[in-house]
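Okay, here's what each chain looks like letter by letter:
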Amino acid sequence: MQCSMSKPKTAIEPIRSENYPEWYQQVVKAADLAESSPVRGCMVIKPWGYAIWENIQRDLDRRFKETGHRNAYFPLFIPKSFLEKEAEHVDGFAKECAVVTHHRLEDDGEGGLKPAGELDEPLIVRPTSETIIGAMFSKWVESYRDLPLLINQWANVVRWELRTRLFLRTAEFLWQEGHTVHASEEEAREETMKMLEVYARFAEDVMAMPVMTGHKSAGERFPGAVDTVCIEAMMQDRKALQAGTSHFLGQTFSKAQDIMFIDEQGERRHAWTTSWGVSTRLVGGLIMTHADDDGLVLPPALAPAHVVLLPITMKAKDPKAVLAHCQKIADELRQRTFMGRAIEVEIDDRDIRGGDKVWGWIKKGIPVRVEVGERDMEAGTVFVGRRDRGHKDKASLPRDEFIAGLPEVLSEIQAGLLAKAKAFRDEHTKVIDDEESFRAFFTPPAHKEGTPTPIHGGFALTHWNGSEEVEQRINDELGVTIRCIPLEDLGDGPGTCPFSGEPSPQRVVWSKSY
């Protein structure tokens, strides 16, 4: 007689191993983060999702200001002629641009509306702001005394994507873009690397998302940049996510936009510029780094709330007393801090089943859940569950001990999520020295036609001769790109490119990606 073990019940279906793309969409839905809008390719970010973005903004904004940057805002619309001044830049974004050609609507005589009032010059809806900001910088910069000019903008941008996925790739998304002007190449390069380090520290210390840092190959470089450096993270389907970029623009845009200054010797020179940015794509990265088959898992540093109190009042003799007791616990918790932020508490007093409450908060990823009933109140205890542990793993703790120890528990959860993500990345990062093994690494296992592609691959650390032709061939044949050329050699120095047999200065990181 054969017996089969049934699959464990999970809150999210399908699970990651069955259909990763659909699992991702279901996590976003279950956690109530965002949904598609009536406008094709655009999303509505719901309060829980937007609160995560606000926490990302708050932390990064502090870091930017600590490094001397100030916020400003520039127009959403960019004259077409501005983009035409920098040929490589416009070529890189031309297929994604939304274009405004008219400035009003008129009755079409058939009960509808038609565009009217054609513009003298078409306006591009901001895909990025180098050109419009450069035009303003050319007015603001006159002398070396005006430099460095360090500006950041929090804004939305539009890139007309055909295949969209919530947070990861949408026609409109939110981001920040830093733009700076410097008197020398050395200063601009230092700024480029400084902001890369800001992003890397944020990703690891706040998002608990380990990243590799490095240069982009010429084929992956930002349009118009002399050098692009990036942070790359591995998601749980082993694909890479480009989580942030910093660009040394040289004098490309200063010459196109006439950003010039008089130096200390009285000579008029073109300035050196940089730009750098991250977007709401980070929320997608957060999901794919930490979420599990029961829903979202949030690092406490970015969670909209750190703890939820769940009053058990259904059979209580005095429900109001239980609620008042929970309020007092919340007040005491809010006096404590975690990573410089007051501990934020939710009290869920909705009139629904207790089990539905618990599972709702598990799916939303809140770090700590606390159930409090009449017996707990009388005993001076609370019943505690953690999101980084199984949903059945709960413990009764003395009330005061729990309150005093919560910051340490949150620190433990934060560190544990980073350690787990690092271990996953390390497990699926392979040193590969021959083309056959490389191809095998990135070839999916056999599966039925019409079913999702099984999770496979990871990061391959493989030598490369620097040839764009080799890079393009591998991309065309396997869908694999060079994610970065690491800032530091990966340990064994020069070698041989397995695709060409030619010398290679160092290993690079190859992966499939978002």
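For the structure itself, consult the block above.
Secondary structure summary: the chain contains 14 helices and 27 strands in total. A compact globule built from 514 residues should have a C-alpha radius of gyration of about 24 Å, and the chain, at 26 Å, falls within 12% of that. Structurally, the chain occupies a C-alpha span of about 80 × 65 × 60 Å along its principal axes. Within the structure as shown, the chain displays about 24400 Å² of accessible surface, and the carbon and sulfur contribution to it stands at 50%. In the chain, 64 side chains carry a positive charge and 81 a negative one; their mean positions are 6 Å apart.

Turning to empty space enclosed by the protein, a few remarks are in order. Counting across every chain of the model gives one cavity of 30 Å³ or more. Reported here for the largest cavity is a volume of approximately 60 Å³. If you go around the largest cavity, the residues you meet are E130, I133, G134, F137, H179, T180, L249, F253, I259, T273 and T274. Sorting the residues of the lining of the largest cavity by element identifies α5 (130-140), β8 (172-182) and β14 (272-279) as the ones contributing at least two each.

On to the sheet that holds strand β5 (residues 98-107). With respect to topology, three strands assemble into an open sheet ordered β4-β6-β5, the strand pairing being antiparallel. Each edge of the open sheet is held by one strand with a lone partner, namely β4 (77-79) and β5. Averaged over neighbouring strand pairs, the angle between their axes works out to 45° when direction is ignored.

Here we take up the environment of D146. Take D146: it is sitting in the loop between α5 and β7 (149-158). The spacing of D146 and H182 is 36 residues in sequence and 9.2 Å in space, taken between C-alpha atoms. When neighbours within four sequence positions are excluded, D146 is seen to be in contact with W140 and V141.

In spatial order, the strands read β18-β15-β19-β20-β21; together these five strands make up an open sheet with mixed pairing. Sheet topology places β18 (345-347) and β21 (394-398) at the edges, where each strand pairs with a single neighbour. Along the sheet, successive strands turn relative to each other by an average axial angle of 25°, direction set aside. In this structure, strand β15 (residues 307-311) lies alongside β18, joined through three bridges in parallel fashion. Bridge pairing in β18 places V308 opposite E346. Across the sheet, helix α9 (residues 319-333) touches β15, β18, β19 (368-372) and β20 (381-386), and the angle it forms with β15 is around 165°.

Here we take up unusual backbone geometry. Cis geometry is adopted by the peptide bond preceding P14, which originates at E13 and carries an omega value of 0°. Along the chain, P14 turns up in the segment before α1 (20-30). The phi dihedral of A208 is positive, around 60°, even though this residue is not glycine. Even without being glycine, R238 reaches a positive phi, approximately 70°. Along the chain, R238 falls in the loop between β10 (227-234) and β11 (240-250). By relative accessible area, which is 23% here, R238 ends up partly exposed.

Conventions adopted
- Residues numbered from 1 in each chain as written.
- Predicted model: local features only at pLDDT ≥ 70, side-chain atom pairs only at ≥ 80, totals over all residues.
- Heavy atoms only, no water.
- Helix = DSSP H or I, 4+ residues; strand = E, 2+ residues; numbered from the N terminus.
- Rg over C-alpha atoms; globule rule 2.2 N^0.38 Å.
- Areas by Shrake-Rupley, 256 points an atom, 1.4 Å probe, with all protein chains shown as cover.
- Lys, Arg positive; Asp, Glu negative; His and termini not counted.
- Charge placed at Lys NZ, Arg CZ, Asp CG, Glu CD.
- 1 Å grid on protein atoms, 1.4 Å probe; cavity = no way out; pocket = protein on both sides within 12 Å on 5 of 7 lines; lining within 4 Å.
- Points joined across faces, edges and corners; volume = space filled by probe spheres on them.
- Pairing = 2+ DSSP bridges.
- Axes fitted to C-alpha atoms, helices over the stretch in contact; angles between N-to-C directions.
- Contact = heavy atoms within 4.5 Å.
- Buried < 20%, exposed > 50% of the residue type's maximum accessible area, 1.4 Å probe, protein only.

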